[in-house]
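One-letter residues, chain by chain:
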Amino acid sequence: MAAGYLDILRARHAAQLLTGTLVGRLPNGTANIAIVLFVRAEGGSYTLAGALAAVYGLATAVGQPLLGRAVDLYGQPRVQLPAAVVSALGMALLAVAGFGSLPLAYAAVAVAGVFTPPLEGGLRALWPSVLGREDRVHRAYAMDAVAQEVMFTAGPLLVTLLVALWSPAAALIVINAIGVLGALSVVLSEPSRTWRSAPREAHWLGALRSPGLLALLGAFFFVGLALGSITVAGMAYADDHGRESVYGWLMAALGLGALIGGAAYGARQWAGAPERRLRVIVGLLALGYLPLMLTPGVVAMTLLAAVSGVFLAPAVACSFIVVDRHAPRGTVTEAFSWLVTTFGVGAAAGTAVAGPAVELGGTAWSFAVAGAGGVAALAVLLATGKVLAAPARTAVAVRGSENDRNGAVEPGFSSGHQA
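Note that the structure is a prediction, hence the values are computed from the model and not measured.

Turning our eyes to something else, we now look at the overall build of the chain. The number of helices and strands found in the chain is 18 helices and zero strands. Burial status across the chain gives 53% buried among its 419 residues. By element, 69% of the accessible surface of the chain is carried by carbon and sulfur atoms, the whole surface being about 16,800 Å².

Following this line, the structure appears as structure tokens:
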């Protein structure tokens, strides 16, 4: 298993791109907790903290596909680094000005969110030219999904450490400064500097004109909804058992399950169409969420949380392959950014729905939202099977093409260039 991942990391530029992307995404991965800690330290309410975090999330959802389209049109360095700097300045403004002026505070987090650089989609657009072989790219997608789990686990710990050493305001500034350095590392690399998207057909819908991509986005809205609801349901479960530490155990178990599942998924080559494989994985994901409604004792619940996370990273990794197959020609970064946006919006919706579910029916009902989200995601994939089974005509990435200047991609492998 480890040998396959080491093979990827030994490829020229691969470690730099993966590390730079993860570091560059730290501000986005830690924004919610950093905003909440800052607002509370300044004497603000949880309501204000939640509102600012929600504005940031909504702004990020709006900005990602727009910036992704800009990357496809103008290249990575011209978009990624300036966006990272502007986003960091937005958070710095919040840290310095506080929320004495609420309109200014909301404007600051909105700017930070809108200009969050689409590093995640940009990395996936670079993998084909960096790694060449299709099997290595697919393994990199799995490694990417696993690395996200590490980032979302380590990031909040880093924020709390900075808060303990300095202050919440300093944590906001430092985390975003680190994010700019990560983006700088990416855009200084040769693959990022030389990458060019395939020529694209002018269309106002951009990547969204692909029916297969729309079907995938519809499914992953519900996957995001399921995951978002678990964050609220887990807190309600911890409250029921009178220990805040229980919440940490549940979230850690969920992340550990995803790490194990993603590592195992990427360790082998998979035959057959990824669209069919995705339906199976999402079905297993939904099956893993349903037992959470039983809300057993803490030990059993922690084990169930770990099992429920096993198929999350494989589902995400497989979705990357499906995006690559269905993204219209010249829109690969935008298409990946839409996946990020849709997942994030779904998670926000899950958080919003799970809260009232707790109030109406208790903790079990909030976990039922997660189960319903998984089932709905599977239903979308089954209902759109014909659309997903017929990706747009796959173009061959050939030597000398805009996305493969070094002739790295093996003949017959699509790298997001489709008509």
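Turning our attention to unusual backbone geometry. Phi is positive for H13, close to 80°, though the residue is something other than glycine. Looking at where H13 falls in the secondary structure, it is placed in the loop between α1 (2-10) and α2 (14-24). Even without glycine at this site, T295 takes up a positive phi of about 40°. In this fold, T295 is placed in the loop between α13 (274-289) and α14 (298-309). Using a relative accessible area of 25% as the deciding quantity, one classes T295 as partly exposed.

Now for a nonpolar patch on the surface. Nonpolar side chains collect at one region of the surface, where V280, L284, L287, L290, M293 and V375 lie side by side and expose about 480 Å² of accessible area between them. By residue number, the principal contributor to the nonpolar patch is α13, which donates three residues. In this structure, V280 sits in helix α13.

Our next topic: helix α17 (residues 363-383). For α17, spanning 21 residues, the distance from its first C-alpha to its last is 31 Å, which sits close to the expected 30 Å at 1.5 Å a residue. For α17, the complete set of buried residues consists of T363, S366, F367, V369, A370, G371, G373, G374, A376, A377, V380 and L381. In this structure, the buried side of α17 is in contact with α11 (211-240), α13, α14, α16 (332-361) and α18 (385-388).

Once that is clear, we can look at the confidence of the model for the chain. The predicted model of the chain averages 83 in pLDDT, with 89% of residues at 70 or higher. The least confident element of the chain is α1, whose mean pLDDT is 73; the most confident is helix α5 (residues 77-97), at 95. The low-confidence segment residues 393-419, where pLDDT is below 50, has 70 contacts with residues more than four positions distant or belonging to other chains.

A few words on the nonpolar core. Soluble, globular proteins show a tendency: their nonpolar side chains are buried together. Ranked by internal contacts, the top residues of the largest apolar core, which has 81 residues, are W127, L131, F220, L278 and Y289. Examining the composition of this core, we find that 13 residues originate from one element, α11, more than from any other. Among residues more than four places away in sequence, those in contact with L278 are L216, F220, A315, C318, S319, V322 and L381. In this structure, A31, L48, A169 and L172 belong to the second largest nonpolar core, which totals 23 residues.

Attention now goes to the side chain of S366. Looking at where S366 falls in the secondary structure, it is placed in helix α17. The buried category is assigned to S366, whose relative accessible area is 0%.

The next point concerns the packing of aromatic side chains. The final tally for this structure, using the stated rule, is three aromatic pairs. When the centroid spacing of 6.2 Å and the interplanar angle of 85° are considered together, the rings of F320 and F336 count as edge-to-face. Here the residue F320 occupies a position in helix α15 (residues 312-326), and F336 occupies one in helix α16, the gap between them amounting to 16 residues. Take F320 and F336: they sit in the same class, and that class is buried.

What follows concerns the packing of α16 against α17. Between α16 and α17, the shortest axis-to-axis distance is 6 Å and the interhelical angle comes to 145°. Between α16 and α17 the crossing geometry is right-handed. Contact residues: V353, A354, A357, V358, L360 and G361 in α16; T363, W365, S366 and V369 in α17. Partitioning the contact of α16 with α17 into residue classes produces seven nonpolar, three polar and no charged.

Here we come to α13. The end-to-end C-alpha separation of α13 is 22 Å, in line with the 22 Å expected for 16 residues at 1.5 Å each. For α13, the complete set of buried residues consists of P274, E275, R277, L278, I281, V282, G283, L285, A286, G288 and Y289. Of the surrounding secondary structure, the elements contacted by the buried residues of α13 are α11, α12 (245-266), α14, α15, α17 and α18.

A few words now on the environment of T341. As for its position among the elements, T341 is in helix α16. In sequence terms T341 and L58 are 283 residues apart; their C-alpha atoms lie 9.0 Å from each other. Residues contacting T341, with those up to four places away along its chain left out, are T60, A61, Q64 and P65. One polar contact links the side chain of T341 to the main-chain carbonyl oxygen of A61, over a distance of 3.0 Å.

Conventions used here
- Residues numbered from 1 in each chain as written.
- Predicted model: local features only at pLDDT ≥ 70, side-chain atom pairs only at ≥ 80, totals over all residues.
- Heavy atoms only, no water.
- Helix = DSSP H or I, 4+ residues; strand = E, 2+ residues; numbered from the N terminus.
- Buried < 20%, exposed > 50% of the residue type's maximum accessible area, 1.4 Å probe, protein only.
- Areas by Shrake-Rupley, 256 points an atom, 1.4 Å probe, with all protein chains shown as cover.
- Patch = residues over 30% accessible without salt bridge, like charges linked within 9 Å, V, L, I, M, F, W, Y side chains within 5 Å.
- Salt bridge = Lys/Arg side-chain N within 4 Å of Asp/Glu carboxyl O.
- Expected span 1.5 Å × (residues − 1).
- Contact = heavy atoms within 4.5 Å.
- pLDDT = per-residue confidence, 0-100.
- Core = buried A, V, L, I, M, F, W, Y, C linked by side-chain atoms within 4.5 Å.
- Phe/Tyr/Trp six-rings, centres within 6.5 Å; stacked < 30°, edge-to-face > 60°.
- Axes fitted to C-alpha atoms, helices over the stretch in contact; angles between N-to-C directions.
- Left-handed = near helix turned anticlockwise from the far one by under 90°.
- Nonpolar A, V, L, I, M, F, W, Y, C, P; charged D, E, K, R; others polar.
- Polar contact = N/O pair within 3.5 Å; in protein donor to acceptor, adjacent residues only side chain to side chain.

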